[in-house]
Amino acid sequence: MVQQIRRFLFQWFAFALSLFILIEVNYPQLSPQSQLSIFSMLGLILVFLKYPVHRKFADNIFAQILDLVFAFFVIISFGYILIQTEPMFQVLWIDNQSLGNRAGAEQPIDYKIALIGVLLVLEATRRTIGLALPILSVIFLVYATFGFALPDWLFPHKGYSFERIASQVFLHSQGVFGIALKVMFTYVFLFVLFGTLLEKTGTTKYIISFTKNLFRSSIGGPAKVAVISSGMMGSLSGSAVANTATTGTFTIPMMQSSGFKPSTAAGIEAAASSGGALVPPIMGAGAYMMLEIVQPAVTYLQIIKAAL
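The rules behind the values
Residues numbered from 1 in each chain as written. Predicted model: local features only at pLDDT ≥ 70, side-chain atom pairs only at ≥ 80, totals over all residues. Heavy atoms only, no water. Salt bridge = Lys/Arg side-chain N within 4 Å of Asp/Glu carboxyl O. Helix = DSSP H or I, 4+ residues; strand = E, 2+ residues; numbered from the N terminus. Buried < 20%, exposed > 50% of the residue type's maximum accessible area, 1.4 Å probe, protein only. Expected span 1.5 Å × (residues − 1). Patch = residues over 30% accessible without salt bridge, like charges linked within 9 Å, V, L, I, M, F, W, Y side chains within 5 Å. Areas by Shrake-Rupley, 256 points an atom, 1.4 Å probe, with all protein chains shown as cover.

Turning to the pattern of salt bridges, a few remarks are in order. Following the criterion strictly, the structure yields five salt bridges and no others. Between Arg127 and Asp67 there is a salt bridge, with the nearest N and O atoms lying 2.8 Å from each other. Taken together, the residues Arg127 in helix α4 (residues 108-129) and Asp67 in helix α3 (residues 61-83) connect sequence positions 60 residues apart. Here the two residues Arg127 and Asp67 agree in accessibility, since each one is buried.

Moving on, we get to helix α2 (residues 32-50). Taking 1.5 Å per residue as the helical rise, α2 with its 19 residues ought to reach 27 Å, and the 27 Å between its terminal C-alpha atoms agrees with that figure. Burial analysis of α2 places 16 of its 19 residues in the buried class, the great majority of the element.

Moving on, we get to a nonpolar patch on the surface. Taken together, the side chains of Ile61, Phe62, Ile65, Leu66, Val69, Phe72, Phe73 and Ile76 present a nonpolar region at the surface, about 730 Å² in accessible area. Relative to the elements of secondary structure, Ile61 occurs in helix α3. Accessibility expressed as a relative area gives 45% for Ile61, which makes it partly exposed.

The following block contains the structure:
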């Protein structure tokens, strides 16, 4: 029963996420902070509905209920950011001020929400890509807190209070809701969605069959198929994630059946998909990140020339 509820919720939240981004990117109605809070809220809910706390407990009813509890707290924490930011909820603002306007004078409830939000992000990261990134993030948070006590050779600093860390990391636009999430919202998700559309309409199979014919009798043909097909798919989707998720489902088993080690096949596909994401004309998150952060500013055509 719980499993059926999870599947039902996953389908509808996935639909809501796709629809929200398609509408909000093209016809924006909300402030940037509100956009990112809804985007991350829907995304984290999908993570907790799809990935169990541990593989061993995937069918455990208590673990499944725990996942729903996590999803509920995601709604609470990220919904709080939305409510305290968007003018339509002004009647619910603390001290009649938005979260941005009370920067530096946040209330205790703000810090509690920030703590919950950061823990949820770390847990979602652990579930999806493992422990490495959460551990690295915790190390940096510890460094921010206790940097004042470090010896000279460990780059000490004056230290940051819990309140300032909470504000920087979660409550405002420098941390979780920073430029990386903005690029994911504005560009990357659309490319992932487009890549899925290409897969469902058979475009991916056509590209792979085309490259198979090119390297039919070539030594290492399956790997070359993976490289060329990922490059062609990348020129359409601009997303390494979408690229791997679409072409990789075909090319990795194909390389394995030809004698490639599983790790080698996965490595070839990952490298090819990452490079494919920078193939003009679409390119992807990398190009748009460059447009946002490179100084002095460059044009999109300059980035395309560099990629070529």
